[in-house]
There are 2 protein chains.
Amino acid sequence: MSAPSGDDMLSRGLRLLTVLADHPAGLGVSAVARTAGLPVSSAHRLLGRLAADRFVAYDEDTRRYALGVRVLELSRAFQRSPAGYSAAADPMRRLAARTGLPAIAGILDGADVLLVLTVQGTQHLQLRSAEGTRNPWHATSLGKALAAALPERERERLLAGGLPAVTDRTRTEPGALREELARVAARGWAEVDEENEVGVRSIAAAVPDPDGHGSPRLAVSLGATVVLTSAEELRTHVPALLDCAEEIAAVMG
Amino acid sequence: MSAPSGDDMLSRGLRLLTVLADHPAGLGVSAVARTAGLPVSSAHRLLGRLAADRFVAYDEDTRRYALGVRVLELSRAFQRSPAGYSAAADPMRRLAARTGLPAIAGILDGADVLLVLTVQGTQHLQLRSAEGTRNPWHATSLGKALAAALPERERERLLAGGLPAVTDRTRTEPGALREELARVAARGWAEVDEENEVGVRSIAAAVPDPDGHGSPRLAVSLGATVVLTSAEELRTHVPALLDCAEEIAAVMG
DNA sequence: AAACACTTTCCATCCCACGGAAAAAAGGGG
DNA sequence: CCCCTTTTTTCCGTGGGATGGAAAGTGTTT
């Protein structure tokens, strides 16, 4: 809820990393310091340390800092870890093969859905590897599926946290969304129609919690373009989607 | 050469991250402290900060720490940055489509080749997304292609740095390897035959430096299994490989 | 040339990271 | 069930190093 990070050297350094993550083209010392809210000399020192460990790359010519190669290694390790949900990859591949559509797995992280695994479909709609992307929970089918399965307290907290419009189809009314989540919980899957991105619709189902208790951490979705796939056609894949979700639950148990 | 990192709070925290990266299953406080060479209380404090920023995930039930979701976001940002070589993706996709083989791009990082971009081939040989993987430079075609294009000083430093055997086909003689690199430099492409992984052969070409001066940072390779593709057949793809390397150079210039 | 913006270095002050130690908690045998 | 071991967590006094303002160095714009 409140500021998650302290202000020690470590948290400051990590903050610099996220600042650089928001500026892939690279940033100078003072620009980094400005956006991170730090004195220039401190930023300079911290960036030096980070660069020594190659978590940031320093371009001597342009005198700019950007993320370094070490972050790649970390993410690879993460994706292989249980938290990386690599166990979900095989069921998702089968789902994508059966339906021809791209399959995406995501988790709820704060008020965002974080995409953790993507499998390309066979159609020529190739979504760029989106792992690590954030989206507002209320604008995505993954987010709705996950929110619907949440304990009431947390679900209400999400609803109270603000529902900004992403497209002009995004639901922004807490009341209407609450009702939709009830329907989602009842039937076991969620749906989104150009609420997050114009031209894209998707369906999603939460992966049942293998532990039996607690709410699902993970959800799977199928995406499609509105021009190629009607809402009705997309719904025909709901059984396959639910199968996949249960397969994943079985594998992770 | 020497220890690259200092021993302040920041470097220690980053070291903990790499420790956790080596243990995807998760580790307890004392195990982390042991492998990182830190007092338990210090590791405990640092892990707490890292967890507060969600760079590590803490499982309250098992009391184990593992990498957290924030690293995913960082890597995504990295892959989109110029250093992530996303510009190479399109030429590589074309190369993979033309040849049917998986294409891989890598850079030299110390004595290792770090894979930064992979594109699946159309054959059923699907290499697992390998971005972030390290391999000894002298056992890979990418490494040979990059080393051959290096200034002599640096190339000799690599040769002097030790050439451990990976498979029983790995070249471990500095003299022989030096000669091979000379041939690679002359003809513009490198080749590897089960020197890094049994059953896999590959060819690689360095991407000419767009700046004109300086040595290439990036190389592209095509991989194949020995059972499906003979060395001769693989060599027929050399022109396509060189084309791709030049396309990438053009795009990045 | 002068004014400006940025990067890098320097250093005295002060704060906070440090780690040993102890407490608390969690297993694990007998 | 209790004792013993291992691990996790908390506590706290000390000292070293992080801190940030200022100045020097560097390059760019008007």
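Just above sits the structure.
Residues numbered from 1 in each chain as written. Chains lettered and ligands numbered in written order. Predicted model: local features only at pLDDT ≥ 70, side-chain atom pairs only at ≥ 80, totals over all residues. Heavy atoms only, no water.

Chemist: Looking at this model, I keep getting lost on the protein's contact with DNA strand D. Mind explaining?
Modeler: Around DNA strand D there are 18 residues in total, and Ser41(A), Ser42(A), Arg45(A), Ser30(B) and Tyr58(B) lie nearest to it. Taking the atoms of DNA strand D that fall within 4 Å of the protein, sugar and phosphate contribute 70% of them. Ser42(A) is positioned with one of its side-chain polar atoms (N or O) 2.5 Å from a phosphate oxygen of DNA strand D. Between DNA strand D and Val29(B) there is a distance of 3.2 Å, counted from a phosphate oxygen to a backbone nitrogen or oxygen. Taken together, the elements giving at least two residues each to the surface near DNA strand D come down to α1 (9-21) and α3 (40-52) of chain A together with α2 (29-36) and α3 (40-52) of chain B. Its residues assigned to classes, the surface near DNA strand D comprises six nonpolar, six polar and six charged. (Near = heavy atom within 4 Å. Polar contact = N/O pair within 3.5 Å; in protein donor to acceptor, adjacent residues only side chain to side chain. Helix = DSSP H or I, 4+ residues; strand = E, 2+ residues; numbered from the N terminus. Nonpolar A, V, L, I, M, F, W, Y, C, P; charged D, E, K, R; others polar.)

Chemist: Is there a simple way to explain the relation of the copies chain B and chain A in this structure?
Modeler: Think of it as a corkscrew move, a rotation about one axis and a shift along it, taking one chain copy to the other. Take chain B, turn it by 180°, move it 0.0 Å along the axis, and it overlays chain A with an RMSD of 0.1 Å. With respect to symmetry, the two chain copies, as superposed, fit the operation of a two-fold axis. No C-alpha of chain B lies nearer the rotation axis than that of Leu10(B), which sits 2.3 Å from it. (Least-squares fit on C-alpha atoms with pLDDT ≥ 70 in both.)

Chemist: So what exactly am I meant to see when it comes to the sheet that holds strand β6 (residues 190-193) of chain A here?
Modeler: To summarise the sheet geometry, strands pair through backbone hydrogen bonds and adopt either a parallel or an antiparallel arrangement. Residue and element names in this part refer to chain A. As summarised here, the arrangement of the six strands in space is β5-β4-β3-β8-β7-β6, forming an open sheet in which the pairing is antiparallel. Edge strands, defined here as strands with exactly one partner in the open sheet, are β5 (134-136) and β6. Going from strand to strand, the sheet's axes swing by 30° on average, the running direction of each strand aside. Relative to strand β4 (residues 112-119), strand β3 (residues 103-109) is paired through seven bridges, and the arrangement is antiparallel. Paired with Gly106 across the strands is Leu115, a residue of β4. (Pairing = 2+ DSSP bridges. Axes fitted to C-alpha atoms, helices over the stretch in contact; angles between N-to-C directions.)

Chemist: Got a minute to help me understand the packing of aromatic side chains in this structure?
Modeler: For any pair of aromatic rings, geometry is given as the distance between the ring centres together with the angle between the planes. Residue and element names in this part refer to chain A. One pass over the structure, following the stated rule, counts two aromatic pairs over all chains. Plain terms: the ring middles of Tyr58 and Tyr65 are 4.5 Å apart, the flat faces sit at 20° to each other, and that makes the pair stacked. Given a relative accessible area of 36%, Tyr58 falls into the partly exposed group. By relative accessible area, Tyr65 is classed as buried at 6%. (Phe/Tyr/Trp six-rings, centres within 6.5 Å; stacked < 30°, edge-to-face > 60°. Buried < 20%, exposed > 50% of the residue type's maximum accessible area, 1.4 Å probe, protein only.)

Chemist: Looking at this structure, how should I read the protein's contact with DNA strand C?
Modeler: Of all residues adjacent to DNA strand C, which total 19 residues, the nearest are Ser30(A), Tyr58(A), Ser41(B), Ser42(B) and Arg45(B). Near the protein, within 4 Å, the atoms of DNA strand C are sugar or phosphate in 75% of cases. In this structure, Ser30(A) approaches DNA strand C through a main-chain N or O atom, which is 2.6 Å from a phosphate oxygen. Take Arg63(A): an N or O atom from its side chain is 3.3 Å from a sugar or linking oxygen of DNA strand C. Sorting the residues of the surface near DNA strand C by element identifies α2 (29-36) and α3 of chain A together with α1 (9-21) and α3 of chain B as the ones contributing at least two each. In terms of residue count, the dominant contributor to the surface near DNA strand C is α3(B) (four residues).

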